[in-house]
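Take a look at the letters that make up each chain.
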Amino acid sequence: MHRLPPAPGERIDRGRTLPFTLDGRQLEGLGGDTVGSAMAAAGVTVTGRSFKYHRPRGLMCAAGACANCLVTVDGVPNRRACTEPLRAGMRVRRQNAWPSVDRDLGAVFDRVSFAMPAGFYYKVGQRPRFLWPLVEPVVRRVAGLGQPPSAAPVRAEKVHLHPEVLVVGGGPAGLAAAAEAARAGARTLLLEQAHDLGDGLPGGRAELGDLAREAVAARAEILTSTAVFGVFDGPLVAAAGPGRLLSIRPAQTVFATGAIEQPAVFPENDLPGVILSGAVGRLLRHRVCPGRRAVVWTTDARGYAAAAALLETGAAVTVVDGRALVAGPEVDAVRAAGAGLVAGASILRAWGRGRVEGVEVGSGGGARTERLACDLLVVAGFRMPSTSLLAQAGARLRHDAAAGWFLAAELPVGMHQAGDITGLRTLEAAVAQGRLAGLAAAGHGAAGGGRRDALEAAAAGTPGCAPPPPPLGEGAGKQFACLCMDVTDKEMRQAIAEGFDSIELLKRYTTLSMGPCQSKACMWSSIRLCALMTGRSEARTGTPTARPPWSPVPLAVLAAGRPHPRRETALHDRHADAGAEFMWAGEWRRPHHYAAPRDECAAVHGGVAVIDVSTLGKLRVRGPQAAELLERLYPNRFADMRLGQIRYGVMLKDDGVILDDGTVCRLAEDEFFVTTTSGGTEAIQQWIQWWLADWDFDVQVLNASAAFAAINVAGPRSRTLMERICDLDVSATGLPYLRSARGPVAGVESLILRIGFVGELGYEIHAPSAYAEHLWDRVMEAGADLGVVPFGVEAQRILRLEKQHILVGQDTDALSDPYGAAMPWIVKLDKPDFLGRRMLLALRERGPSERLVGFVVEAGGVVPPEGAAVVEGDRPVGRVTSSRYSAAAGAAIGMAWVPAAAAEEGRGLELGFGGRRARARVALRPFYDPEGARLRS
């Protein structure tokens, strides 16, 4: 390969030189180059090594549809060299080889491929049993492509878009659809995964430019370098762009994803120098000549276009046409330019060391063959309509004999298709079909009058395709159906012989189409070979289920979060002044600790301490049917509560699963004050409002969370402090446990709840947020001689764990019910109705399969991490949800889900984590003050 002289329409800037390194070697490219075209111009033919056999691979599609050119760019692995724009100073390294791509010791796997049949990882090293632990690390070490980056990824942003019309694909059909939809007045967004429009279009670039200008003039928004990788229910269309994750909910969607050129299967079909015709056009636009002696294998006009382009560079070209009768102006043109022609023949096999050096040509079946020397084999054959995203959207695919592939026969509501995806082959038909789809998506059905008739006439026609090459070649050598995963025809035969004869099972057993290309470059050949080997038709063979991601997405993009302001309580500045170390608690910034958490716990147990609990959700529920609403929402009773009484409540979903917990205080006959967990306030309010609308109760629900601050004063000396700042009777008889009072505290009208989440005598003061700092200051001043200190979330979690008080969302999950969570006392099944009652009746009869229990680690044991496994032998049977060291208990304690049979007081448990084991025993009662005498004092 070498750089060609200047020519009209070239995509490089010869006045701008871009130095870069390849495997530490200094090279140069030009402005407009991709990494792949710059490598090719420098004479680099091997772009990397294959996944399993470490065979040399080179550019094949130059469109990002295969995995042949995966490289590491500036430390980021698995970038496609053929589509990655070249930048000055880039550090490029070829992958999957040691010590180098040119001299890869991993190539030995190609020689011993007989020992790596389909599913070999299920078979090799399994007997004797001790062998697999020795084999597994080797398999893990050599598997995978590229090395994870050492640098932290740039944080991506999540963006939500709601266009009226979304067009997926920036080819002629997509641009025509976007132009028509936008002109009709619809807010239109077009997404194209290539870096510029028309990258894959072999001809008609002038028409494409006109269409792009038309779409822009109509105010359609066009985003390039943005790949749609999944379509989900809703519909929700997910796309990834530079540093952004797009979450798109369009009213109408037009799929114009085109068709993907497919490789053929024959011995040594993976040699560098075997490329597709589209790659020839892309390299020539970068003025790189891919070869000097070329064989072009084709069955349609695309091959002759590639041959003509190569002839213009001065290359020697021989066209091998699979059709016996070959005629037409394109044939005459290439023959007149000096090309050779072999009609009625196919490529039987290729050969070469490091790259293709020649091919064997013939009609097969023992007929006369011919050997042609070459350094380039261009395959110009079948193009597969790119229907995967449509299938993800719910379209039903059926095999179309004329198209030779599976087309969308039934589209979901709000979905449209246009262009090559429908099997039509002409530029005029694609543009007309795109215009009709754009108008239909915009709600105009079609154009009016004569224009509509003209568009429908231009878009009419039956799908067509080039005659496909034979599904297999002849002769010795590996024939790859899936280049990504190194799956050969022999592996497919073996898998089918073992019973994996459906395309879904074959895919999973051999891993074909499960590699980086996600079936773009192998699905056609895989289905043809499966049909051939099973004796079924392609229509009956079918396609495997289309699943996201259709295009590769960096994990950092999938983890993108939408920026939102952090939430701070009204007392945040007081915590900062006190030297608090902050932590994230959902959206809130809360004090993790001020001093050592152990000392803060000691202050609560031995004196008095305060914590800011303003993050609690606070709902005021008021109306004639307020009690009836709560009776329906909770499994325990609230209608019989006296004024001022408080009850703990656990809210359930309608399947009996724990949703939230908190306290309910009765303020009046028709009003209740309800607290919820800090992170679930908005969700719980919506949950209540949803059921309220269904039940049609006369009740109003007000979210007062931001309006009220809350301070919890806890410890055996908390009563003394409270008596100093309020005139209310807060004695054991005046304000007993689980009772409330209203009145001035430090001059601020407040609601006092006598509760004890941290296990000691405690008072929770709810007051208007505007007075929060004043109230905090008065509490600290009044308790100065009592030794009052603030305590943070970490101490609170230790204290609540000592009492075995659960944290919803940490000690519970999406399957936890009150019986399993050791709270059967809260369920009142004699109530006529409440959410989850029906499921809880069934659960009570059969009993929980697992239980939430406390545990104490035996003396000398370490604190097991949250998430550690409860094990029996080598089998996990449970999980640790909370764990801390408790000075009050003198041991590491925690809570865990265990099999119901193991939920016995004193029962031994074994915990596994990080390759270590710890012994523990079950504790069904609180670790501290099990009778609750202190919090009731």
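From a predicted model like this one, the values you see are computed outputs, not experimental measurements.

Undergrad: So what exactly am I meant to see when it comes to the packing of aromatic side chains here?
TA: The relation between two aromatic rings is expressed through the spacing of the ring centres and the mutual angle of the planes. Evaluation of the coordinates by the stated rule reveals 11 aromatic pairs. Summarising the aromatic geometry, the rings of Tyr634 and Phe638 are spaced 4.9 Å apart at their centres and angled 65° between planes, so their arrangement reads as edge-to-face. The same class applies to Tyr634 as to Phe638, namely buried. A ring pair is formed by Tyr648 and Trp825, whose centres lie 6.4 Å apart and whose planes are at 40°; its orientation type is tilted.

Undergrad: Is there a simple way to explain the side chain of Glu600 in this structure?
TA: Structurally, Glu600 can be placed in helix 19 (residues 597–606). Summary of buried charges: Glu600 has no salt-bridge partner, and the nearest side chain of opposite charge, Arg590, is 11 Å away. Those residues in contact with Glu600, other than ones at most four positions away along the chain, are His593, Tyr594, Ala595, Pro790, Phe791, Gly792 and Ala795.

Undergrad: Honestly, empty space enclosed by the protein in this entry has me stumped. Any pointers?
TA: It is a probe the size of a water molecule, rolled over the atoms, that shows where empty space is left. If you walk through the whole model with that rule in mind, you get four cavities of 30 Å³ or more. Approximately 130 Å³ is the volume attributed to the largest cavity. Together, 13 residues line the largest cavity, and Arg49, Ser50, Ala67, Asn68 and Leu145 are the ones closest to its centre. Among the residues forming the lining of the largest cavity, the class breakdown is six nonpolar, five polar and two charged.

Undergrad: Would you mind showing me how to read the sheet that holds strand 8 (residues 90–94) here?
TA: Remark on secondary structure: sheet strands pair via backbone hydrogen bonds, oriented parallel or antiparallel. Here we have five strands laid out as an open sheet, ordered 3-2-8-6-7, and mixed in their pairing. Looking at strand neighbours, the two that pair on one side only are strand 3 (25–31) and strand 7 (76–80), the edges of this open sheet. Averaged over all neighbouring strand pairs, the angle between strand axes comes to 40°, with direction disregarded. Note: strand 2 (residues 13–22) against strand 3, seven bridges, orientation antiparallel. By the bridge assignment, Phe20 is partnered in strand 3 with Leu27.

Undergrad: Just to check I follow, could you spell out the pattern of salt bridges for this structure?
TA: Opposite charge on two side chains lets them pair, provided their charged atoms get close. Throughout the structure, instances matching the rule amount to 52 salt bridges. Arg79 is the partner of Glu84 in a salt bridge, and the nearest nitrogen-oxygen pair spans 3.2 Å. A salt bridge links Arg567 to Glu587; its shortest N-O distance comes to 3.8 Å. On the criterion of sequence distance, the pair formed by Arg567 in the loop between helix 17 (555–558) and helix 18 (572–577) and Glu587 in the loop between strand 33 (581–585) and strand 34 (588–593) is long-range, its members being 20 residues apart. Owing to a relative accessible area of 38%, Glu587 belongs among the partly exposed residues under this scheme. Through salt bridges with shared partners, a single ionic network connects Arg55, Arg57, Asp110, Glu268, Asp270, Lys478 and Asp486.

Undergrad: I would appreciate a short explanation of the pairing of strand 46 (residues 850–857) in the present structure.
TA: Extensive coverage of strand 46 is indicated by the burial of six of its eight residues. Looking at chain direction, strand 46 and strand 49 (residues 891–899) are connected through seven bridges and run antiparallel. Opposite Glu850, over in strand 49, you have Pro899 as the bridge partner. Where strand 46 and strand 51 (residues 916–923) come together, four bridges link them in antiparallel fashion. Note on strand 51: the bridge partner recorded for Phe855 is Val922.

Undergrad: Mind showing me how you'd approach the sheet that holds strand 21 (residues 316–321) here?
TA: Read from one edge to the other, the open sheet built from five strands follows the order 18-26-20-21-22, with strand pairing classed as parallel. The open sheet has two free edges, formed respectively by strand 18 (274–276) and strand 22 (340–343), since each of these has just one partner strand. Taken over all neighbouring pairs, the strand axes of this sheet differ in orientation by 20° on average, direction set aside. Inspection of the sheet shows strand 20 (residues 293–298) paired to strand 21 by six bridges, in the parallel sense. Directly across from Thr298, in strand 21, lies its bridge partner Asp321.

Undergrad: How should helix 5 (residues 172–183) be read in this particular structure?
TA: Owing to its 3.6 residues per turn, the α-helix brings residues three or four apart onto one side. With 12 residues, helix 5 should cover 16 Å at 1.5 Å per step; its first-to-last C-alpha distance of 16 Å lies within 8% of that length. In terms of residue burial, helix 5 counts as a mostly covered element, since 11 of its 12 residues are buried. Positive backbone phi, approximately 100°, marks Gly185, located one or two places after helix 5.

Undergrad: How do you make sense of the pairing of strand 14 (residues 236–241) when you look at a structure like this?
TA: Two faces, one strand: in a regular strand the side chains alternate between the faces of the sheet. Judged by how many residues are buried, strand 14 sits mostly within the fold: six of six residues are covered. Here strand 14 shows a buried face lined by Leu236, Ala238 and Ala240 and a second buried face lined by Val237, Ala239 and Gly241. Bridge count between strand 13 (residues 227–232) and strand 14: five bridges; the pairing is antiparallel. Counted as the bridge partner of Val231 is Val237 from strand 14.

Undergrad: I would appreciate a short explanation of the nonpolar core in the present structure.
TA: Proteins that are soluble and globular tend to have nonpolar side chains buried together. Within the largest apolar cluster, 80 residues are counted, with the highest numbers of intra-cluster contacts made by Leu191, Phe255, Val320, Ile347, Val359, Leu377 and Met492. Sorting elements by how many residues they give to this core places helix 15 (residues 523–534) first, with six residues. Discounting residues that sit within four places of it in the chain, Ile347 has contacts with Phe266, Val295, Trp297, Val320, Val359, Glu360, Val361 and Leu377. With 43 residues, the next largest nonpolar core counts Met39, Leu284, Val288 and Val331 among its residues.

Conventions adopted
Residues numbered from 1 in each chain as written. Predicted model: local features only at pLDDT ≥ 70, side-chain atom pairs only at ≥ 80, totals over all residues. Heavy atoms only, no water. Phe/Tyr/Trp six-rings, centres within 6.5 Å; stacked < 30°, edge-to-face > 60°. Buried < 20%, exposed > 50% of the residue type's maximum accessible area, 1.4 Å probe, protein only. Helix = DSSP H or I, 4+ residues; strand = E, 2+ residues; numbered from the N terminus. Lys, Arg positive; Asp, Glu negative; His and termini not counted. Salt bridge = Lys/Arg side-chain N within 4 Å of Asp/Glu carboxyl O. Contact = heavy atoms within 4.5 Å. 1 Å grid on protein atoms, 1.4 Å probe; cavity = no way out; pocket = protein on both sides within 12 Å on 5 of 7 lines; lining within 4 Å. Points joined across faces, edges and corners; volume = space filled by probe spheres on them. Nonpolar A, V, L, I, M, F, W, Y, C, P; charged D, E, K, R; others polar. Pairing = 2+ DSSP bridges. Axes fitted to C-alpha atoms, helices over the stretch in contact; angles between N-to-C directions. Expected span 1.5 Å × (residues − 1). Core = buried A, V, L, I, M, F, W, Y, C linked by side-chain atoms within 4.5 Å.

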